[in-house]
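# Notes for the structure review
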Amino acid sequence: MVSGATRGIGRGIALELAKQGANISFSYVSSSKEAATLESELAALGVKAKAFQVDIKNFDTVKNWVEETKALFGGLDLVVNNAGIIKDKALAMMDIKEWHDVINTNLDGTFNLCRAAIITFLKQKSGNIINITSVSGMVGLPRQTNYSASKAGIIGLTKALAKEVAAYGIRVNAVAPGFIETDMLKDLSDDFKAKILEHVPLARMGKVEEVAKAVKFLATDESKYITGQTIVVDGGMSIA
Ligand code: NAP
């Protein structure tokens, strides 16, 4: 299961996992056309694929998504919590709705899918959870107090849950992208992008595929001794 796969990083993850032979159940909130396109692209790779319109903020809907996926595919092996939003603003100007929208989507959304999937994983004594956090949650970025808090929360959730469920053969890890070329950053001015790139040692934005490769690593047995970790895919931004 991949949340928020109609665009950007989630779409890249769905395609990468399908190339490894995984059946893909993915969600979106409003991009129905893109969802149908991705369904066809995934099916063309020879796997089963199904799109679900699921607002990740709504626990009951997320729970139904898990149940429908299990019924359709006959089981559940991996959950990727990717759906996320930004609503950047200086804290002095941020209203309570902008705070809650970001926390509810990014952090509550991650809780919702983990909570909805974990009973299945505990019962079968296997499972894998990968949460997409952000460099913003590691170093804190100005005008992103809501986003940085949500993404730092995801790192804490990842570590705590990894300890809680390791004895059941379940791994929980995170991937922290830096500055990746997707729609999420389309409203940033070229000047602002150039300024950010000054803080990226590899001096370019990352590609969706480069994040998807890290997710693929965590999704397979190549990483079977790794849990509770965050793999940073940021061109060195967090050490600069
Ligand atoms: P994006 O291009 O804006 O795509 C966001 C995806 O999430 C879309 O598929 C969207 O569905 C879905 N989504 C948004 N709100 C949702 C909700 N309430 N319920 C279900 N799905 C929802 O974003 P992106 O840049 O690929 O980012 C993906 C993840 O990577 C996010 O968690 C983001 O925080 C993280 N990240 C991104 C960057 C970056 O530089 N781009 C850096 C660090 C971390 P619709 O298409 O239907 O709207």
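Above this text sits the structure in question.
What you see is a predicted model; the values in this text were computed from it and never measured.

## A word on the nonpolar core
With 29 residues, the main nonpolar core has Val 2, Ile 13, Ile 24, Phe 26, Leu 42, Val 80 and Val 175 as its most contacted residues. Every element with two or more residues in this core is listed here: helix H1 (8-19), strand S1 (24-28), helix H2 (32-44), strand S3 (78-81), strand S4 (127-132) and helix H8 (208-219). If near-sequence neighbours (up to four positions away) are discounted, Val 2 is found in contact with Gly 10, Ile 13, Leu 17, Ile 24, Ser 25, Phe 26, Ser 27, Trp 65 and Val 80.

## Quick notes on the sheet that holds strand S6 (residues 230-233)
The strand order across the open sheet built from four strands is S3-S4-S5-S6, with neighbouring strands paired in parallel fashion. What marks the edges here is a single partner per strand, and that holds for S3 and S6. The sheet shows a mean angle of 15° between the axes of neighbouring strands, direction not considered. Bridge analysis of S3 against S4 gives four bridges, and the strand direction is parallel. Directly across from Val 80, in S4, lies its bridge partner Ile 130. Helix-sheet contacts for helix H4 (residues 96-124) involve S3, S4 and strand S5 (170-177), and the interaxial angle to S3 is about 175°. Where H8 meets the sheet, it contacts S3, S4, S5 and S6, and its direction lies at approximately 165° from that of S5.

## Focus: the site of the ligand
Close contacts around the ligand come from 32 residues, with Thr 6, Ser 30, Ser 31, Tyr 147 and Thr 182 the closest. Interatomic distance of 2.7 Å between a backbone N/O atom of Asn 82 and an oxygen atom of the ligand. Take Tyr 147: an N or O atom from its side chain is 2.5 Å from an oxygen atom of the ligand. Those elements that place two or more of their residues in the shell around the ligand are H1 and helix H6 (145-165). Residues of the shell around the ligand, tallied by class, amount to 15 nonpolar, twelve polar and five charged.

## Some words on the pattern of salt bridges
Enumeration over the complete set of coordinates arrives at nine salt bridges. The partner of Arg 7 in a salt bridge is Asp 183, and the shortest N-O contact between them spans 3.4 Å. Within this pair, whereas Arg 7 is found in the segment before H1, its partner Asp 183 is found in the loop between S5 and helix H7 (190-197), the two being separated by 176 residues in sequence. Look at Arg 7 and you get partly exposed, because its relative accessible area is 42%.

Conventions used here
Residues numbered from 1 in each chain as written. Predicted model: local features only at pLDDT ≥ 70, side-chain atom pairs only at ≥ 80, totals over all residues. Heavy atoms only, no water. Core = buried A, V, L, I, M, F, W, Y, C linked by side-chain atoms within 4.5 Å. Buried < 20%, exposed > 50% of the residue type's maximum accessible area, 1.4 Å probe, protein only. Helix = DSSP H or I, 4+ residues; strand = E, 2+ residues; numbered from the N terminus. Contact = heavy atoms within 4.5 Å. Pairing = 2+ DSSP bridges. Axes fitted to C-alpha atoms, helices over the stretch in contact; angles between N-to-C directions. Near = heavy atom within 4 Å. Polar contact = N/O pair within 3.5 Å; in protein donor to acceptor, adjacent residues only side chain to side chain. Nonpolar A, V, L, I, M, F, W, Y, C, P; charged D, E, K, R; others polar. Salt bridge = Lys/Arg side-chain N within 4 Å of Asp/Glu carboxyl O.

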